[in-house]
Amino acid sequence: MTAPEICEVAVTLPVLGRFHYRVPPHLAGRARVGSRVLVKFGSRKVTGVVVRSDTLPPDGVVPVEMSEVLDDEPALSLELVDLCLWIADYYEAPPGEVIRAALPAGSGINAKSVYALTEVGRATADGQGSALPPKQRVMLAKLAQSDLPVAAASPAMRLVIEALITHGLAELRDQRKGARARLKREKVVQLVGELAPAREASARSPKRLAVLEALAHGAAVALEALEKRVPGARLAIRELVKVGHVAVSDRELALDAVPTSEDMLVIAPPVLTGEQVIAVDEITAALRGEPAAHLPTTPVPPARRPFTPFLLFGVTGSGKTEVYLRVIAEGLAAGKTALVLVPEISLTPQLAARFRARFGDLVAILHSGLTEQQRLGEWSRLRRGEARIAVGARSAVFAPLTDLGVIVVDEEHDGSFKQEEGVRYHARDVAIVRAQRAGAVIVLGSGTPSLESAAHAASGHYRKLVLTQRPMARPMPSVEVIDLRTYMPDGEAFLSAPLRTAIAETLASGDQTILFLNRRGFATFVLCKACGHPFRCPHCSVSLTYHRHSDRMSCHYCGFAQRVPETCPSCSASGTIERTGLGTEKVAEAVALEFPAARVTRLDRDVASGSKIEAVLSRVARREVDILVGTQMVTKGHDFPGVTLVGVLCADTGLNIPDFRASERTFQLLAQVAGRAGRGDRPGRVMIQTYRPTAPAVVAAAAHDYQKFYDAEIEDRREHNYPPHGRLIVVRIDGADEHEVAGAAKTIAELCQGAAARTDGGVEVEVLGPVPAPLSRLRGRSRWQVWLRSPDRHALRRVARMGLTASLSSTVRVGLDVDPISAM
């Protein structure tokens, strides 16, 4: 007797581990690695993905039978499955949750077990079932109204239902919940076997001959298209199927590419600068497996050549995108595919438009601003090979590309590449692993590289390429630091006298201005002037922000919103509620009043839906906007030749955050926003307003001096053993009851301290905390942290895993954040 086939499945639920299922005979051979399957898990059936086939279950485990295989072809390649398992292991995440992130959103299928009436049962219920005992009669009537989920049935109810099942009146069946997003399918017809015998057998039927001629090239043809080409073809096809000359099957319906902005015209590639030529040559040489012409090194056989990511360090406006385009063109010519990651949804339309202008519909777009149906369509185009370049935000790292040759991570320093909830992966680091496993080249581009990447380049682990000059010999913008202790800004627009004058001069010359403030809303806090009562979110430890456009106070973390009351809820005073603080909405309104002839608009999260972002960016590109007010969304990668002035309204907002990366983030934001100026024919200038003009981040950004900032910051990190000199894991604990959470954090810290004391080889693992998170309450849950720090990641992970063994209340949630980028 042949042993049953056993598969290892990761269910798309937040549960650790993988589970074994028995493949029934009728599904034998179909449950391949990467295939989605429907499996029983508890009282319901859920989607899972096969991660290993032909495995053996642990001793004593009797696998449950698999219910169904959902894919004709595996949804995920073996390469992507292995990548997901690596992510689950490295980031201490449930493998099924990682797998779900790799699948198109909304494509999952679930099912639950329900009790339902049979046909005999319905007929009996229509006749009231008078011959049945009273309890069975009542249950029969209940099931006649609706099916009953097994999970909702009490033990007493199940006894009654079992009696109905015995009489053939009820049954246990699966109630499936279909996918929210699914691809349409079409019937296709294809020739089977040789054409000549088929022609000979159909010589007396003109219709059948016409169908065969239409299929002569061998490729499948859509049935609908074939019927248009050969009127009355359906009967002829049916006859040809009977004699085995053609076959009819289903396939996914091909979808059009997601449209992008039409403002990007197809233009000839520009002439490269000398630095760009060197960068392109070195990267393409690595792509071909050859030593670069500019490197005086002895050629190394490909099998022995070490994997080395490229760090493309280019000042803002130096033409990094053109380097990406040239390298990808080389990859496509070699039969490879390419993946381009960008940090922000606002960047994707503009960058995608540039790639579409060069490569047409070979480009697929993947980001959360698309509908689930659009994302599924683009994912399917990539999987079928119709598109060969994926451009998107963080989750695009899972794009279903085969023969991957080039990966680009643009603005690699950006914190939005790190997923902060659920599976806490860093897309840049995952991209590096994916490139290494695929034998692809990876280019990390930035004008302000992360300290980790810069340190890797300094140590030789990354190969550093530099672009120090802007094309056409355009100079970097001049930067003026305005001390707000000397030049007091006005209360509404927060403009100092020098910045106000500069805006007026820019408008008079017909140029554009960007004003940057990293706070959205109209008033960042609301209070009662009579008693000082602050309006705070009831679910999070933050103030509510007033938004004039909606006339509501809202929480930017959980979405809670309410109207501003007429009277104070604390002292009952009337007319004393004051909206204070500064946000982009207030600034935009005040600037419009200050400069009534100017066309003012803003770009922040409140207007950041996909189509609105593209509309705003297109208007700026067409010079239909004179002043753009925005948050950090305006700092990232945009190329607007008409912008000659950038004003930073307050450079200090990020410096006081309790986070060891605060200075680095401030420097990056200032340098990036400054880089938006002077990218056209006219020189640019930048004005940075600050109360701390001597802060290292401000001084270095004003001087366009990355190296100066890096040298100072890397020493500060070394002194405190922060990355890149040490490794971190944060144990994050949250729950509804603050006392339970605090107690759980203390228990976990004690377990970690005990494990750290027993670390093999005397490797030091520091346990810091427990402490409340700086944002101590979020969405109604109290939050605590335990920080672990060590130069040895293996010892660090062992201590962190010990913290997860704590016996805690089921209402307390514990998770590990490996390589955290935020202390909040």
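Look up a bit, the structure's there.
Cut-offs used in this document
Residues numbered from 1 in each chain as written. Predicted model: local features only at pLDDT ≥ 70, side-chain atom pairs only at ≥ 80, totals over all residues. Heavy atoms only, no water. Helix = DSSP H or I, 4+ residues; strand = E, 2+ residues; numbered from the N terminus. Rg over C-alpha atoms; globule rule 2.2 N^0.38 Å. Buried < 20%, exposed > 50% of the residue type's maximum accessible area, 1.4 Å probe, protein only. Contact = heavy atoms within 4.5 Å. Areas by Shrake-Rupley, 256 points an atom, 1.4 Å probe, with all protein chains shown as cover. Phe/Tyr/Trp six-rings, centres within 6.5 Å; stacked < 30°, edge-to-face > 60°. Pairing = 2+ DSSP bridges. 1 Å grid on protein atoms, 1.4 Å probe; cavity = no way out; pocket = protein on both sides within 12 Å on 5 of 7 lines; lining within 4 Å. Points joined across faces, edges and corners; volume = space filled by probe spheres on them. Nonpolar A, V, L, I, M, F, W, Y, C, P; charged D, E, K, R; others polar. Polar contact = N/O pair within 3.5 Å; in protein donor to acceptor, adjacent residues only side chain to side chain. Axes fitted to C-alpha atoms, helices over the stretch in contact; angles between N-to-C directions. Parallel < 35°, antiparallel > 145°, perpendicular 65-115°, else oblique. Salt bridge = Lys/Arg side-chain N within 4 Å of Asp/Glu carboxyl O. Arc of directions from axis to C-beta. Left-handed = near helix turned anticlockwise from the far one by under 90°. Core = buried A, V, L, I, M, F, W, Y, C linked by side-chain atoms within 4.5 Å.

## Topic: the overall build of the chain
Within the chain, the secondary structure is distributed over 23 helices and 34 strands. For a compact globule of 824 residues, the expected C-alpha radius of gyration is about 28 Å, and the chain comes in at 31 Å, within 12% of that figure. In terms of principal-axis extent, the alpha carbons of the chain reach across some 90 × 75 × 65 Å. When burial is assessed residue by residue, the chain has 51% of its 824 residues classed as buried. Sequence-distant contacts in the chain: of pairs separated by 6 or more residues, those separated by 24 or more amount to 75%. Element-wise, carbon and sulfur atoms account for 53% of the exposed surface of the chain, whose accessible area totals about 37,200 Å².

## Let's talk about the packing of aromatic side chains
Summed over the entire model, instances satisfying the criterion amount to 11 aromatic pairs. On the basis of an interplanar angle of 50° and a centroid distance of 6.0 Å, the ring pair of Phe667 and Tyr706 is categorised as tilted. One end of the pair, Phe667, is in helix H19 (residues 662–674); the other, Tyr706, is in helix H21 (residues 706–720), and 39 residues separate them in sequence. The same class applies to Phe667 and to Tyr706, which are both buried. Joined through ring pairs, the aromatic side chains of Phe313, Phe667, Tyr706, Phe709 and Tyr710 make up one cluster.

## Considering the pairing of strand S21 (residues 512–516)
Burial within S21 is extensive, with 5 of its 5 residues counted as buried. In S21, alternate side chains face the same way, and those of Gln512, Ile514 and Phe516 on one face and Thr513 and Leu515 on the other are all buried. Sheet analysis places S21 next to strand S29 (residues 643–648), joined by 5 bridges and oriented parallel. Opposite Ile514, over in S29, you have Val646 as the bridge partner. With 4 bridges joining them, S21 and strand S28 (residues 627–630) adopt parallel strand pairing. In the sheet register, Thr513 faces S28, and the bridge partner there is Ile627.

## Describing empty space enclosed by the protein
All chains considered together, the criterion is met by 1 cavity of 30 Å³ or more. Looking at the largest cavity, the residues that line it are Tyr90, Arg727, Leu728, Ile729, Arg793, Leu796, Arg797, Val818 and Asp819. Put simply, the parts of the chain that give the lining of the largest cavity at least two residues each are strand S31 (727–735) and helix H23 (793–803). For the lining of the largest cavity, the per-class residue count stands at 5 nonpolar, no polar and 4 charged.

## A word on H23
Among the residues of H23, Ala795, Leu796, Arg797, Val799, Ala800 and Gly803 are the ones counted as buried. Buried residues in H23 make contact with helix H1 (78–90), S31, helix H22 (738–757), strand S33 (781–790) and strand S34 (813–818). Capping the start of H23 is the job of one residue whose side-chain oxygen sits 2.9 Å from the backbone nitrogen of His794: Asp792.

## Considerations on the packing of helix H15 (residues 451–459) against H21
It is at 11 Å that the axes of H15 and H21 come closest, and there the two elements cross at 95°. When the axes of H15 and H21 are compared, the pair comes out roughly perpendicular. Of the residues in H21, those in contact with Leu451, Ala454, Ala455 and Ala458 of H15 are Tyr706, Phe709, Tyr710, Glu713, Ile714 and Arg717. Looking at the contact of H15 with H21 residue by residue, the class counts come to 8 nonpolar, no polar and 2 charged.

## Considerations on the sheet that holds strand S23 (residues 545–547)
What the 3 strands build is an open sheet, ordered S23-S24-S25; its pairing is antiparallel. In the strand order of this sheet, the two ends are held by S23 and strand S25 (561–562), each with one partner. Two elements, S23 and strand S24 (residues 552–554), share 3 bridges in a ladder whose sense is antiparallel. Residue Tyr546 lies in a different strand from S24, and its bridge partner there is Met553.

## Description of unusual backbone geometry
Peptide bonds are mostly trans, and most non-glycine residues show a negative phi. The step from Pro723 to Pro724 runs through a cis peptide bond, and the omega angle for that step is 10°. Residue Pro770 is bonded to the preceding Gly769 through a cis peptide linkage, with omega at 15°. You can see Pro770 is positioned in strand S32 (residues 766–778). With a phi close to 65°, Arg623 is a non-glycine residue in the positive phi region. Positionally, Arg623 belongs in the loop between helix H18 (610–621) and S28. One non-glycine residue, Asn721, lies in positive phi territory at about 60°. With respect to the element layout, Asn721 can be found in the loop between H21 and S31.

## A short note on the pattern of salt bridges
Scanning the model with the defined rule gives 48 salt bridges in all. A salt bridge links Arg797 to Glu92; the shortest N-O distance between them is 3.6 Å. Taken as a pair, Arg797 in helix H23 and Glu92 in the loop between H1 and helix H2 (95–102) lie far apart in primary sequence, 705 residues in all. Glu92 matches Arg797 in its accessibility class, with the two residues each being buried. Close ionic contact of Arg801 with Glu92 constitutes a salt bridge, the shortest N to O distance being 2.8 Å. Residue Arg801 is located in helix H23, and its partner Glu92 is located in the loop between H1 and H2; the two are separated by 709 residues in the primary sequence.

## Comments concerning helix H9 (residues 233–242)
All buried positions along H9 are accounted for by Ala233, Ala236, Ile237 and Leu240. Mapping the buried residues of H9 onto a view down its axis gives an arc of 100°, with all of them on the same face. Residues of H9 that are exposed and point over 90 degrees away from its buried face: Leu235 and Lys242. Looking at the residues trailing H9, positive phi occurs at Gly244, about 80°.

## Comments concerning the packing of H1 against helix H14 (residues 427–438)
One way to put it is that H1 packs onto H14 with a least axis distance of 11 Å and a crossing angle of 135°. Put simply, H1 runs oblique to H14. When you trace H1 past H14, the crossing you get is right-handed. Each of Glu79, Leu80, Asp82, Leu83, Trp86 and Ile87 in H1 lies in contact with H14, whose residues at this interface are Val430, Val433, Arg434 and Arg437. The class makeup of the residues in the contact of H1 with H14 is 6 nonpolar, no polar and 4 charged.

## A few points about the nonpolar core
Residues Met66, Ile87, Leu339, Leu341, Tyr425, Ile733 and Leu788 are the most contacted members of the largest nonpolar core, which totals 89 residues. When sequence neighbours within four positions are dropped, the list of residues in contact with Ile733 reads Val741, Ala744, Ala745, Ile748, Ser782, Arg783, Trp784, Gln785, Val786, Val812, Arg813 and Val814. In this structure, Phe313, Phe640, Val648 and Ala671 belong to the second largest nonpolar core, which totals 40 residues.

That is the geometry; function is a separate question.
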